[in-house]
Amino acid sequence: MGAGPTVDPRADRIEQLRRRMDAIPARSAGPPRLTPVEPAAPDPARTPPSSLRTLPVPAPLAQLLPHGGLVRGSVVQIAGAASLKAGLIASVTGAGGWAAVVGCPDLGLLAAAEMGADLSRCAVIPNPGEDPVAVAAVLVDGLDLVVLSLGDLNAPPSRVRAVTARARRNGTVLVVDGQWPNVDLRLGAKVSRYKATRAGPRPRNRHRPRRRSDTPRTAAAPSPGNHLG
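Residues numbered from 1 in each chain as written. Predicted model: local features only at pLDDT ≥ 70, side-chain atom pairs only at ≥ 80, totals over all residues. Heavy atoms only, no water.

Enquirer: I would appreciate a short explanation of the overall build of the protein in the present structure.
Expert: If you tally the helices and strands in the protein, you get six helices and nine strands. Scored against the burial criterion, the 229 residues of the protein give a buried share of 45%. Approximately 11700 Å² of the protein is accessible, and the part contributed by carbon and sulfur atoms is 53%. (Helix = DSSP H or I, 4+ residues; strand = E, 2+ residues; numbered from the N terminus. Buried < 20%, exposed > 50% of the residue type's maximum accessible area, 1.4 Å probe, protein only. Areas by Shrake-Rupley, 256 points an atom, 1.4 Å probe, with all protein chains shown as cover.)

Enquirer: Before we go on, may I ask you to explain the pairing of strand β7 (residues 173–177) in this structure?
Expert: Residues in a regular strand project their side chains so that they alternate between the two faces of the sheet. When you tally the buried positions in β7, you get four out of five residues, the bulk of the element. With three bridges connecting them, strand β3 (residues 75–80) and β7 associate as parallel partners. Considered in β7, the bridge of valine 75 is made with leucine 174. A crossover connection joins strand β6 (residues 145–149) to the parallel β7 through helix α6 (residues 157–170); in handedness this β-α-β unit is right-handed. (Pairing = 2+ DSSP bridges. Right-handed = clockwise from strand over helix to strand, strands pointing away.)

Enquirer: What's the story with the packing of aromatic side chains in this structure? I'm lost.
Expert: For any pair of aromatic rings, the description rests on two quantities: the centre-to-centre distance and the angle between the ring planes. By the definition in use, this model includes zero aromatic pairs. The lysine or arginine in question, arginine 121, covers the ring of tryptophan 98, its NZ or CZ lying 4.6 Å from the ring centre. (Phe/Tyr/Trp six-rings, centres within 6.5 Å; stacked < 30°, edge-to-face > 60°. Lys NZ or Arg CZ within 6 Å of the ring centre and 35° of its normal.)

In structure tokens form, the structure reads like this:
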């Protein structure tokens, strides 16, 4: 007898993701998620708040962004300290939004929780397989924020364009750690100093966010600690 048809494990993984997304309540339900973010201390010299729909970000970063947050439907390239990713996840999920993390082995969920993240609103896929872009393409169809770590992978331009178009159409912010052409915003963070705590000898790093490009050009239920892969 001949061998049966080969089952593509990637297709099965994507189907699992689709089923998990179907279980997430409609994004219009629950706390409002499209709230403009203002700096902690208003500065009269700043540009007036934008009417664009944005996702919230940590207060120090909000002061650097023209719209006070990440514009929906934009693609953001990120580099540097992992605490910047944790801060973005904490800001979005803490405000009632939905997020996903694809790859990102350096991300500490404990640090995100300490920053205020609601991990019940964050899907974590630590092992996306050989095609993390395909996983991200599914997630941008139903979530507010998708953080994608590509490592050394260079996604084909045609795939990049397709996923970018889906993110724009759905109003999802796609944050990419790795090579991704034609991004709307580049963000970087580096450790500026360490502060010891009384709870133990392990130092706590503090990072300084830096905006590295102009404003974006376009306007645009998982369980806690749940993992796939």
